[in-house]
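# Structural characterization, general
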Amino acid sequence: MKRHVRRLPATTLGPLSSEAAAELLMEQVRDAVDKGATVVLGGGRPDLPGAFFEPTLLTDVTPDMRAYREELFGPVATVYRVADEDEALALANTSPYGLGGAVFAADPERARGVADRMEAGMVWINHPTASGPELPCGGIKRSGYGRELGDVGIVEFANRKLVRYVDADAPIGEVLG
């Protein structure tokens, strides 16, 4: 069933893909809050028709919470306080997912070094995400297999087959090389 949602002129964030997606996200946020996470912003569903979810910011998220170990497909961000770059990388790399990440830094060389150590299929520096048809994208770990887009991606969608002709009367030595 196609659902039409009225768009307000000031809308900058649309609804999630489905009501089920919004309900799942609400369950993940509730689980985190019930186990001690702090809601700094949002945390609920606005009173609008459709699968809308408030932009939400969570802190104090711990490994026993779903928001720590599950992907949050909606406008929910978790913020962690760490002592240094090594601790930040250790935290990021404990995730079973690895689609993409971002590094924000004034020093480009340092940012590249962090990006190299980050376990993700794609890393952006000083930008949350970017995409283009010429840029292959894809994840590692439990975030997909292979790449799409770009010349690398074309190969992922191609079914290749080897067909080799050998004359029926060819000596076996010639066939085996």
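The structure presented is a predicted model; accordingly, all values stated were derived computationally and were not measured. Counting restarts for each chain, with residues numbered from 1 along the sequence as it is written. Two thresholds apply to this predicted model, a pLDDT of at least 70 for residue-level local features and 80 or more for giving and counting side-chain atom pairs, whereas whole-chain, interface and lining totals are computed over all residues. Each side-chain value is derived from all of the structure's non-hydrogen atoms; neither hydrogens nor water enter the calculation.

### Observations regarding the side chain of Thr-56
Note the cut-off: In this description a helix means any DSSP run of H or I spanning at least four residues, a strand means any run of E spanning at least two, and both kinds are numbered starting from the N terminus. By the criterion applied in these results, polar contacts are pairs of N or O atoms within 3.5 Å in which, for protein atoms, one can donate a hydrogen and the other can accept it, and in which residues neighboring in sequence qualify only through two side-chain atoms. Contact definition: two residues touch when any of their heavy atoms are within 4.5 Å.
With respect to the secondary-structure elements, Thr-56 resides in strand E2 (residues 56-59). At 2.8 Å, the side chain of Thr-56 forms a polar contact with the backbone nitrogen of Gly-43. Within the structure, Thr-56 has its side chain in polar contact with the backbone oxygen of Glu-54 (distance 2.8 Å). If sequence neighbours within four positions are ignored, Thr-56 has contacts with Leu-41, Gly-42, Gly-43, Gly-44, Pro-75, Val-76 and Ala-77.

### A word on the pattern of salt bridges
Where we set the bar: Salt bridges, as used here, are contacts in which a Lys or Arg side-chain nitrogen is within 4 Å of a carboxyl oxygen on Asp or Glu. The buried label goes to any residue with under 20% of its type's maximum accessible area, the exposed label to any with over 50%, and the partly exposed label to all in between, with areas taken from a 1.4 Å probe on protein chains only.
Inspection of every chain in the model, using the stated rule, returns 9 salt bridges. Across the salt bridge formed by Arg-66 and Glu-70, the nearest N and O atoms sit 3.0 Å from each other. Looking at Glu-70, the relative accessible area reads 26%, which means it is partly exposed. Salt-bridge contacts for Arg-117 lead to Glu-85; the nearest nitrogen and oxygen are separated by 3.5 Å. In this pair, Arg-117 is assigned in helix H4 (residues 108-117) and Glu-85 in helix H3 (residues 85-93), connecting sequence segments 32 residues apart. With a relative accessible area of 41%, Arg-117 lands in the partly exposed category. A single salt-bridge network, built from bridges that share partners, covers Glu-85, Asp-86, Arg-110 and Arg-117.

### A short note on the nonpolar core
Inclusion rule: To define a nonpolar core, start from buried Ala, Val, Leu, Ile, Met, Phe, Trp, Tyr and Cys residues and group those joined through side-chain atoms within 4.5 Å.
Core analysis: the largest hydrophobic core is formed by 15 residues, its most contacted members being Phe-53, Leu-58 and Val-76. Top element by residues in this core is helix H1 (residues 19-34). It accounts for 5 residues. Among all residues touching Val-76, those that are not within four sequence positions of it are Leu-25, Val-29, Phe-53, Thr-56 and Leu-58. Ranked by size, the runner-up nonpolar core spans 7 residues in total, among them Leu-89, Ala-111, Val-114 and Ala-120.

### Concerning the packing of aromatic side chains
What counts here: For this analysis, a ring pair means two rings from Phe, Tyr or Trp (six-membered ring only for Trp) whose centres lie within 6.5 Å, classed as stacked if their planes differ by under 30 degrees, edge-to-face if by over 60, and tilted for the remaining angles.
Considering all chains together, one arrives at 1 aromatic pair under this definition. Taking the centre distance of 6.2 Å and the plane angle of 85 degrees together, the rings of Tyr-68 and Tyr-80 count as edge-to-face. In this pair, Tyr-68 is assigned in helix H2 (residues 66-69) and Tyr-80 in the loop between strand E3 (76-78) and H3, connecting sequence segments 12 residues apart.

### Some remarks on unusual backbone geometry
A negative phi angle is the norm for most residues apart from glycine, just as the trans form is the norm for most peptide bonds. Positive phi, normally seen in glycine, also occurs at Asp-60, with a value near 60 degrees. For Asp-60, the location among the structural elements is in the loop between E2 and H2. We classify Asp-60 as partly exposed; its relative accessible area is 46%. The residue Asn-126 is not glycine, and still its phi comes out positive at about 60 degrees. Residue position: Asn-126 is located in the loop between strand E6 (122-125) and strand E7 (140-141). Its relative accessible area of 42% is what places Asn-126 among the partly exposed residues.

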